[in-house]
There are 2 protein chains.
Amino acid sequence: MSELSSRQQTILGLVVKLYIATAQPVGSRTLLENHLDLQVSSATIRNEMAALEDLGYLTHPHTSAGRMPTDKGYRYFVERLLGDIELSAAERNTIRHQFHQARLEMSQWMRLAAAVLTRSLRGAALITAPRMDKPRLRQLSLLSTQAQRALMVVVFQGGNVLNRSLTLSEPTSPELLIQLANKRNFAFENLDADAIRRKISDFTDFEREIVQHLLSLMSSDADANPQQIFHDGLSEVLQEPEFERSSEANALVSALEQPSFLTDVLDAPIGTVQVVIGGEGRWQELSACSLVFAKYGVEGFATGALGVLGPTRMPYARAIGTVRYVADLMSDMVSDLYIHE
Amino acid sequence: MSELSSRQQTILGLVVKLYIATAQPVGSRTLLENHLDLQVSSATIRNEMAALEDLGYLTHPHTSAGRMPTDKGYRYFVERLLGDIELSAAERNTIRHQFHQARLEMSQWMRLAAAVLTRSLRGAALITAPRMDKPRLRQLSLLSTQAQRALMVVVFQGGNVLNRSLTLSEPTSPELLIQLANKRNFAFENLDADAIRRKISDFTDFEREIVQHLLSLMSSDADANPQQIFHDGLSEVLQEPEFERSSEANALVSALEQPSFLTDVLDAPIGTVQVVIGGEGRWQELSACSLVFAKYGVEGFATGALGVLGPTRMPYARAIGTVRYVADLMSDMVSDLYIHE
DNA sequence: CGCTAGCACTCCGATAGCACGACTGCCAGA
DNA sequence: TCTGGCAGTCGTGCTATCGGAGTGCTAGCG
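Residues numbered from 1 in each chain as written. Chains lettered and ligands numbered in written order. Predicted model: local features only at pLDDT ≥ 70, side-chain atom pairs only at ≥ 80, totals over all residues.

1. Considering the relation of the copies chain B and chain A
- Between the two copies, chain B and chain A, the superposition gives an RMSD of 0.1 Å; the rotation angle is 180 degrees and the shift along the axis is 0.0 Å. What we have between these two chains is a two-fold relation. Judged by C-alpha distance, Ser-246 of chain B is the residue of chain B that lies nearest the rotation axis, at 3.2 Å.
- The overlap is high: 100% of the interface residues of chain B also sit at the interface in chain A, so the same surface is used on both sides. (Least-squares fit on C-alpha atoms with pLDDT ≥ 70 in both. Contact = placed C-beta atoms within 7 Å.)

Written out as structure tokens, the structure reads:
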């Protein structure tokens, strides 16, 4: 990314901001009218704009239209021109306050996080539940439901609860199931899947059958335990002018409905906010969108992702600030709730 | 609803069918071309169409356009003109087969039901989890997580599992919690919320605190336990021509995002398939849509709803047949899984 | 050498006019 | 009671036109 003169940076920044605000291509004259403090003429701006276009930061929808940023232009803007992106103390307070009022429950917090992002950014909020990295067993229950059927309830260290109903290969008495659960409960307490797998040779065939189910439940295998992506605010995004044409809107909705899609996209180191602009070449469906997201949770323990999806013409500063703050809050939640002292 | 002559019924039926197939207003000549067996002239058809319009079953978008059905026309069609709406044996088999391959789990079945509806009807599928009418307790666990925090895991008769983390009013030892859970476990086994509430006077303050949480978890109160509505196939619907204009699409998406909205709509006696056409006057947002849905489950025990949302121009016969069949399958699932012998 | 003023040029979008085709409504006659 | 035919209505697609917004270029100024 070659260096831009200071004046080019200013102009690029102004074009991006104005375009974000108005959704209209901005011309040299319009730019001047909105920023009277620019001490140059419109002709100069035209020259600089042409230069920025040659460098790939701006485009033209057609000859006699104003300029609008390219994805590269947005990227430069986000990485180099974005100043202070901390939320104000007042905004932080409002958000924090809402979280403190909610019940101590992950699903509540997720719903709330989505609502906060949606409301403050007018975009679609996405959030995945935190997934445990190496879940360790806390308690295993087996309850008989029918002769060859049982319900397995597993509580993990940290308070995650999963359950699954099993079909058994042979009829089994309720007592036997309880007995088995109690036995394994002590033996497996605090172990992760690998440790349990190492013990598997000690078991009878029947025990092994049960333990296989347990292991499948504990694996973070996407097939066995599909990850729910909670989303909210889709209708907000669809109101943006770029989704007037139904084909654009459709691409977005389809993308969101593909369950695998977002888990592919939402991968980031924890603590940083990632920005994917216009699908960044890799995701055709997102060509009109940007995604601002962050991983939250405690690395190596339990992590999830949350973010906001909007048109490329998105208020990046606010988005980055808000996503970061909400992710921090959610991380606190995870470490508070899951890592009990 | 006044009586129509047999010829008027035929014509209304043909208009509805043709309009559903083509999404174009159908004129008298077009109707004849598609149904050469009609032994009348186009002029006669025009007369009958005019009569049907006077009676409110058809409209005109403008003077020189063909006719299209009104909501009243659709309703007449659905209630009086729809013949055999059983699925063919082959279709039933295909669907049943898919269900038998799935794991024995409600969430899996819901996902599958949604997928089946979406694929066979090209509409958005909606489905709520079965909610127990009077849940009876099977097992209660209390696990200590922090000094003043505990995790409550409740298994209901039938194998539903819910959990919630609690904040306690005073520090409590893990042992005490386990002890309490065990004690209540026996006392509450197989009781419903009312029966438990009747016993509440026997308890110490601390026990009462816990039991309050238990009761809130057992109540089907919408605030305490918001009902998830799973949906799929939204993008299919948005491809229909009536959602070209983004405002229509938006109304639909907003409606789906309002959590309370669908629980209001989806209320029906079990066993029958309900059809809501064009929002039926009550739901503004659905004015371009129809909703074909049914309640499933076992009345008085656990029930949910499932259905399909599409444009009013929807293939009602297929929709009603498919929704009914899938609802039946889901009911079997509920009685099989929840009411263990 | 950089900046500016001015001008020619391009292109979009809105508007109007026109011909075409689809359909209705109606009337007279079988 | 039905039908054939005809006049009338209205949307659609095509074309032409016009104004406006904005660019690119060039000559001239500091």
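2. A closer look at the sheet that holds strand 6 (residues 149-156) of chain A
Residues and elements named next belong to chain A.
- Reading across from one edge, 5-6-7 is the order of the three strands in this open sheet, with antiparallel pairing throughout. The outermost strands of the open sheet, each flanked by one partner alone, are strand 5 (137-146) and strand 7 (161-167). Pairs of neighbouring strands in the sheet enclose a mean axial angle of 20 degrees, with direction left out of account.
- Pairing geometry for strand 6 and strand 7, over seven bridges, is antiparallel. Directly across from Met-152, in strand 7, lies its bridge partner Arg-164.
- Strands in contact with helix 9 (residues 205-218) are strand 5, strand 6 and strand 7; relative to strand 6, the strand with the most contacts, it is inclined by about 45 degrees. (Pairing = 2+ DSSP bridges. Helix = DSSP H or I, 4+ residues; strand = E, 2+ residues; numbered from the N terminus. Axes fitted to C-alpha atoms, helices over the stretch in contact; angles between N-to-C directions.)

3. A look at the packing of helix 5 (residues 89-101) of chain A against helix 6 (residues 106-121) of chain A
All names here are of chain A.
- At a minimum axis separation of 10 Å, helix 5 and helix 6 run at an interaxial angle of 155 degrees. Relative to helix 6, the element helix 5 is oriented roughly antiparallel. Regarding helix 5 and helix 6, the two cross each other, and that crossing is right-handed. Taking contact as the criterion, the partners of Ile-95, Gln-98 and Phe-99 in helix 5 are, on helix 6, Trp-109, Leu-112 and Val-116. (Parallel < 35°, antiparallel > 145°, perpendicular 65-115°, else oblique. Left-handed = near helix turned anticlockwise from the far one by under 90°.)

4. Some thoughts on the packing of helix 1 (residues 6-22) of chain B against helix 3 (residues 42-54) of chain B
Residue and element names in this part refer to chain B.
- Closest axis-to-axis distance for the helix 1/helix 3 pair is 10 Å, and the angle between their directions is 90 degrees. With respect to each other, helix 1 and helix 3 are oriented roughly perpendicular. Residues Arg-7, Gln-8, Ile-11 and Leu-12 of helix 1 touch helix 3, and the partners they reach there are Ile-45, Glu-48, Met-49, Ala-51 and Leu-52.
- Considered class by class, the residues forming the contact of helix 1 with helix 3 number six nonpolar, one polar and two charged. (Nonpolar A, V, L, I, M, F, W, Y, C, P; charged D, E, K, R; others polar.)

5. Let's talk about the protein's contact with DNA strand D
- With respect to spatial proximity, 20 residues lie near DNA strand D, and among them Gly-27 and Ser-64 of chain A together with Thr-44, Thr-63 and Ser-64 of chain B are the closest.
- Looking at the surface near DNA strand D, the elements with two or more residues in it are helix 2 (28-34) and helix 3 (42-54) of chain A together with helix 3 of chain B.
- No other element matches helix 3 of chain A, which puts four residues into the surface near DNA strand D.
- Of the residues that constitute the surface near DNA strand D, the class distribution is six nonpolar, eleven polar and three charged. (Near = placed C-beta within 6 Å.)

6. Things to note about the protein's contact with DNA strand C
- In the region of DNA strand C, 20 residues are neighbours, and Thr-44, Thr-63 and Ser-64 of chain A together with Gly-27 and Ser-64 of chain B sit closest.
- At the level of elements, helix 3 of chain A together with helix 2 (28-34) and helix 3 of chain B are the ones that each hand at least two residues to the surface near DNA strand C.

7. Examining the pairing of strand 3 (residues 124-128) of chain B
Residue and element names in this part refer to chain B.
- The buried fraction of strand 3 amounts to five of the five residues, a majority that puts the element mostly inside the structure.
- Side chains Ala-124, Leu-126 and Thr-128 project from strand 3 onto one buried face, and the interleaved Ala-125 and Ile-127 project onto a second face that is buried too.
- Sheet analysis places strand 3 next to strand 11 (residues 302-311), joined by four bridges and oriented antiparallel. Bridge pairing in strand 11 places Ala-124 opposite Leu-309.
- With four bridges joining them, strand 3 and strand 8 (residues 229-232) adopt antiparallel strand pairing. Residue pairing across strands places Ala-125 opposite Asp-232, the latter belonging to strand 8. (Buried ≥ 20, exposed ≤ 12 C-beta atoms within 10 Å, placed from the backbone.)

8. Some details on the interface of chain B and chain A
- Listed by partner, the interface residues are 32 residues for chain B and 33 residues for chain A.
- Elements that contribute at least two residues to the side of chain B that touches chain A include exactly strand 5 (137-146), strand 6 (149-156), strand 7 (161-167), helix 10 (234-238) and helix 11 (246-257) of chain B.

9. Quick notes on helix 9 (residues 205-218) of chain B
Residue and element names in this part refer to chain B.
- The first and last C-alpha atoms of helix 9 sit 20 Å apart over 14 residues, in line with the 20 Å expected at 1.5 Å per residue.
- When helix 9 is considered as a whole, its buried residues turn out to be Ile-210, Leu-214, Leu-217 and Met-218. All buried residues of helix 9 project into a common sector of 100 degrees when viewed along the axis, lining one side.
- Each element contacted by the buried residues of helix 9 is listed here: strand 5, strand 6, strand 7, helix 7 (174-188) and helix 8 (193-198). (Expected span 1.5 Å × (residues − 1). Arc of directions from axis to C-beta.)

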